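Next come the chains, spelled out residue by residue.
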Amino acid sequence: MSETLTLAKAVNAALSDALEGDDRVLLMGEDIGKLGGVFRVTDGLQARFGPQRVIDSPLAESAIIGTAIGMSYRGFRVVAEIQFDGFIYPAFDQIVAQVAKLRYRSRGRVAMPLTIRVPYGGAIGSVEHHSESPESYFAHTAGLRVVTASTPQEAYSTLRAAIASDDPVLFFEPKGKYYSKGEVDRSIVRDLETANVVASGRDVTIAAYGPTVETALRAAIAAADEGIEVEVIDLRAISPLDVDTVVASVRRTGRLVVTHEAPAESSVSSELIASVAERAFPFLEAAPERVTGYDSPYPPSAVEHDYLPSLDRLLDAVDRTLGRRNSRTGLDDPSALAPATTGAAR
Amino acid sequence: MSIIVPAPHPELAVGLDSPLTVLDLDGTRIANELLDPHLTDIDESALTTLYVDMVRVRRLDTEAFALTRQGHLVLWPPLLGQEAAQVGPARALAPQDWVFGSYREHGFALLRGADMAEFARIWKAFAHGGWDPHEIRMAPSQIIIGAQTLHGTGYAMAAKMDGADEVALTTFGDGATSEGDVNEALVWASAFQAPVVFLCQNNQYAISEPVAVQSGVPLALRPTGFGIPSLRVDGNDVLAMHAAARIAFDRARSGGGPTFIEAVTYRRGPHTTTDDPKRYRDEAEMEAWIAKDPIDRVERALTRMGANMEAVRAEAKIRADQLAKEFRAAAEHAEPPTADAIFDHVYAQPTKRLERQRLEHRAFLASIEGDR
Ligand SMILES: Cc1ncc(C[n+]2csc(CCOP(=O)(O)OP(=O)(O)O)c2C)c(N)n1
Ligand SMILES: [Mg+2]
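Remember, predicted model here, so these are calculated numbers, not experimental data.

J.: Tell me about the overall build of chain B, residues and numbers included.
T.: Check the secondary structure of chain B and you find 12 helices and 8 strands. Against the compact-globule benchmark of 21 Å for 372 residues, chain B has a radius of gyration of 22 Å, which places it among compact chains. Once the C-alpha set of chain B is aligned to its principal axes, its extents read approximately 70 × 55 × 40 Å. In chain B, the proportion of contacts linking residues at least 24 apart, taken out of those at least 6 apart, comes to 76%. On chain B, roughly 14900 Å² of surface is accessible, and the fraction owed to carbon and sulfur atoms is 54%. Within chain B, the 52 negative side-chain charges are centred at a point lying 3 Å from the centre of the 37 positive side-chain charges.

In structure tokens:
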């Protein structure tokens, strides 16, 4: 049985079903009560489950996570909301030094079944600190599961799995897709570490997650017009990363493009391409490519469309892996590498 | 720099029972032992200046709000109702002092002399920063709640080390008082007796959360636990705010360390242009605050002083309209940034890696020219 929901409503449905199914589940965050969150994701939940289970917290991210740790000791399953990606950093210590390590430090005696929801990503035309992709910081930390969702169905099922998990999970919600709709079947169960092949093809593999999955699928359709078959993998899990699925695909296609909104340096694409190089080197027919945010802070949103992976940038990368004419043809010719001038040294 | 433990103060918080006020709603002066000595030079002309400032700030705010609705700005956090809480302290600053504020400090930005064209660019999301912080002595606006309070404290510590006659004013909201950063700033300011003034604009809400979510006691009581004296002031009374700020700045300047001022006020607009306050507050509670309007009160006071209100109003309107026009022109005609803005100013010197990315992006743009 399925219903048509926006991604935001699918998250709401997962939270609602989790609250209903287990009275040890509770929600905590800024403005999640009466307001229903700044994106209305928790709309109606406080009215339905009461202010004891849907808690409007004081304005302190470190305390949201730190107190959730204490609640976890008593067996609560806290779903904490961080209002926007850029506001997670005050909680960084509690997440990285505490949440991630308690199982290890207690030699398995203490579980942290905490879920941290983070609306993330760009393309919403907002101001500073509202469009970031901080997932790599957390992927680098052992003990945390870091997952994303690309569709309402994925959002529903993955969030249910996150809340049910005895590991701490960071659930990154692509806020730019909150209002996109899709079919949701609440009986579909998903895990927290298997990638999904969402389009099959023989020529090039594109690995994406969160908001870039849709762009990758559009690239597959556009490439098909030129007779190029693109396989698209929705990684879903960023950490631990499902390298097996990507390796299996690359063994067939020989070509890999990885895309995400986060900057390239020390990112999911760095890790994935290194892993593929280790495990599928003989099968690679071209250097892996990536299409990501540039290695700058998230720029003013007036230029975010230049910063973010786009359909054209993806197609250009596909062309590079196939040795077709592309935007960088001739770029490594020294004359093309004349020093840039505009603005750089101002 | 050694750590100084502040001597306990017998009466660290003033105004807990009712916020300090010197202007009654009808514009009559209420005698106040503490504040009056700091207002002796405020004559009709000085009060007129404060009035015109508030009218200009409000005009800037309403123009920007309208510009956002019309799609010329991406977002605007209105300060409607908080004009006195900003103008009073802003007019008590010395030119050499610094301001470290949040994102709602349009009054401070205007009175510090921020370039309106640059200011508009921030809210068009054309740039992250506007004015030159060193030129107008005001740090870039701060969206990360409370972070600026540490910066203000550190600036004040540095000014003290240098023996400079400078004070840092850091301003933030009621919600911000819950953040660790703000509490740590209070610890440091007290420990180092830094010449910093904490201005908490308690506008009763942090987005949807009423101040009761943050605190069961008046916010002005909090700093006393850190050994910091505090003043709870009617934030809609520009004279009381001005006097309180003068007290705090004088104390800081004379080596007396930090002061906390809670400006009790009200955010009459939505949190930002994307907010819908009907979901969380009864708009009827606004009535009481409209009755305490900071501008109306000064109009009445000026009338009582015998000012020619018609002329004052006309003069204020001309200046406010001029400002609104300037801001509108900037918002409507600002030159958008190019993609190069992504790569500029990331490091002191351009790096090879980023310059490579800049070139790749230019090459990419060239390759799709015409297709777009
Ligand atoms: C660290 C951090 N957490 C959350 C937010 C989201 N946020 C923006 S404004 C705001 C409320 C701030 O309230 P207050 O301090 O009272 O200031 P006001 O907006 O009322 O001026 C919140 C929660 C943020 N900007 N930064
Ligand atoms: Mg507030």
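J.: Pulling in residues and values, what's your account of the packing of helix 2 (residues 83–90) of chain B against helix 8 (residues 238–253) of chain B?
T.: Residues and elements named next belong to chain B. Contact geometry for helix 2 and helix 8: axes closest at 7 Å, N-to-C directions at 40°. Here helix 8 runs oblique to helix 2, going by the angle between their axes. As for the relative orientation of helix 2 and helix 8, their crossing is right-handed in sense. Between helix 2 and helix 8, the contacting residues are Ala84, Ala85, Val87, Gly88 and Pro89 on the first element and Val238, Met241, His242, Ala245 and Phe249 on the second. Of the residues assigned to the contact of helix 2 with helix 8, the class counts are 8 nonpolar, 2 polar and no charged.

J.: Describe in detail the coordination of the magnesium ion (ligand 2), supporting the description with residues and values.
T.: Residue and element names in this part refer to chain B. Each protein donor to the magnesium ion (ligand 2) is listed here as Asp174 (OD), Asn203 (OD1) and Tyr205 (O); together their distances run 2.1 Å. Between the donor residues of the magnesium ion (ligand 2), the gaps in sequence give the motif D-x28-N-x1-Y. Linking Asp174 in the loop between strand 3 (168–173) and helix 7 (180–191) with Tyr205 in strand 5 (residues 205–206), this pair joins segments that are 31 residues apart in sequence. Each member of the pair, Asp174 together with Tyr205, is buried.

J.: Describe the sheet that holds strand 14 (residues 289–293) of chain A, with residues and values.
T.: Residue and element names in this part refer to chain A. Taking strand neighbours across the sheet as the criterion, the 5 strands line up as 9-11-10-13-14 in an open arrangement whose pairing is mixed. Both edges of this open sheet fall to strand 9 (196–199) and strand 14, since each of them pairs with a single strand only. Between one strand and the next, the sheet's axes are offset by a mean angle of 25°, whatever the strand orientation.

J.: Explain the interface of chain A and chain B to me, and be specific about the residues and the numbers.
T.: Across the boundary between the two partners, chain A contributes 56 residues, which contact 52 residues of chain B. Roughly 4400 Å² is buried in total at the junction of chain A and chain B, and carbon and sulfur atoms are behind 58% of that figure. Between chain A and chain B we count 4 salt bridges in total. Linking Arg353 of chain B and Glu265 of chain A is a salt bridge whose minimum nitrogen-to-oxygen distance equals 3.5 Å. Seen at the junction of chain A and chain B, the total is 16 residue pairs in polar contact (both at pLDDT 80 or more). Within the residue set of the side of chain A that touches chain B, elements represented by two or more residues are helix 11 (304–307) and helix 12 (311–321) of chain A. A per-class count over the side of chain A that touches chain B returns 23 nonpolar, 15 polar and 18 charged.

J.: Explain the domain arrangement of chain B to me, and be specific about the residues and the numbers.
T.: Under the domain assignment used here, chain B contains domain 1 (10–337) and domain 2 (339–372). Each of domain 1 of chain B and domain 2 of chain B has a C-alpha centre, and these two points are 40 Å apart.

J.: Explain the packing of helix 1 (residues 44–69) of chain B against helix 10 (residues 294–304) of chain B to me, using residue names and the numbers behind them.
T.: Residues and elements named next belong to chain B. Two elements in contact, helix 1 and helix 10, have axes whose closest approach is 10 Å; the angle formed by their N-to-C orientations is 155°. Considering their axes alone, helix 1 and helix 10 lie roughly antiparallel with respect to each other. For the crossing formed where helix 1 meets helix 10, the hand is left-handed. Residues Glu44, Leu47, Thr48, Tyr51, Met54, Val55 and Arg58 of helix 1 form the contact with helix 10, whose participating residues are Pro294, Ile295, Val298, Glu299, Ala301 and Leu302. Of the residues in the contact of helix 1 with helix 10, the class split is 9 nonpolar, 1 polar and 3 charged.

J.: I'd like a description of unusual backbone geometry, backed by residues and values.
T.: Residues and elements named next belong to chain A. Omega for the bond connecting Ser239 with Pro240 falls within 30 degrees of zero, at -10°, which places this linkage in the cis form. Along the chain, Pro240 turns up in the loop between strand 12 (237–239) and helix 9 (243–253). Even without glycine at this site, Arg107 takes up a positive phi of about 50°. Position of Arg107 among the secondary structure elements: in the loop between helix 5 (102–105) and strand 5 (115–120). Phi at Ala123 is positive, roughly 65°, even though this residue is not glycine. Of note, Ala123 is situated in the loop between strand 5 and helix 6 (135–139). What makes Ala123 partly exposed here is its relative accessible area of 42%.

Conventions adopted
Numbers given for residues are sequential positions, taken from 1 along each chain in its written order. Following the order in which they are written, the chains are lettered starting with A and the ligands numbered starting with 1. The predicted nature of this model means local features are confined to residues of pLDDT at least 70 and side-chain atom pairs, given and counted, to a pLDDT of 80 or more, with totals for whole chains, interfaces and linings taken over all residues. With hydrogens and water set aside, each side-chain value is computed from the structure's full complement of heavy atoms. Numbering of helices and strands runs from the N terminus, with a helix taken as a DSSP run of H or I at least four residues long and a strand as a DSSP run of E at least two residues long. For the radius of gyration, the atom set is restricted to C-alpha positions; the globular benchmark scales as 2.2 Å times the number of residues to the power 0.38. A contact between two residues is defined here by any heavy atoms of the two lying within 4.5 Å. Residue exposure ignores everything except the shown protein chains as possible cover, and the areas themselves are Shrake-Rupley values with a 1.4 Å probe. By the counting rule applied here, Lys and Arg register as positive and Asp and Glu as negative, while His and the ends of each chain are not counted. Think of each charge as sitting on NZ of Lys, CZ of Arg, CG of Asp or CD of Glu. Axes, fitted as lines to C-alpha atoms, cover a helix only where it is in contact. Angles between the N-to-C directions of the axes lie from 0 to 180 degrees. Oblique is the label for every angle not falling under 35 degrees (roughly parallel), over 145 degrees (roughly antiparallel), or within 65 to 115 degrees (roughly perpendicular). Whether a crossing is left-handed or right-handed is set by the direction in which the near helix is turned from the far one by less than a right angle, anticlockwise for left-handed and clockwise for right-handed. All residues other than Ala, Val, Leu, Ile, Met, Phe, Trp, Tyr, Cys, Pro, Asp, Glu, Lys and Arg, Gly among them, are scored as polar; the first ten of these are nonpolar and the last four charged. Each metal's donors are the N, O and S atoms found within 2.8 Å of it, except that Na, K and Ca use a 3.2 Å limit; water is left out, so coordination can look incomplete. Three labels apply to residues, based on accessible area from a 1.4 Å probe with only protein chains included: buried if under 20% of the type maximum, exposed if over 50%, partly exposed otherwise in between. Two strands pair if DSSP finds at least two bridges between them. Buried area adds together the accessible area that both of two parts lose upon being put together, with accessible area traced by a 1.4 Å probe. Here, a salt bridge means any Lys or Arg side-chain nitrogen found within 4 Å of an Asp or Glu carboxyl oxygen. Think of a polar contact as two N or O atoms within 3.5 Å of one another; within protein, one of them needs to be a possible hydrogen donor and the other a possible acceptor, and neighboring residues in sequence only count if both atoms come from side chains. Domain extents, as shown, originate in an automatic or database domain assignment.

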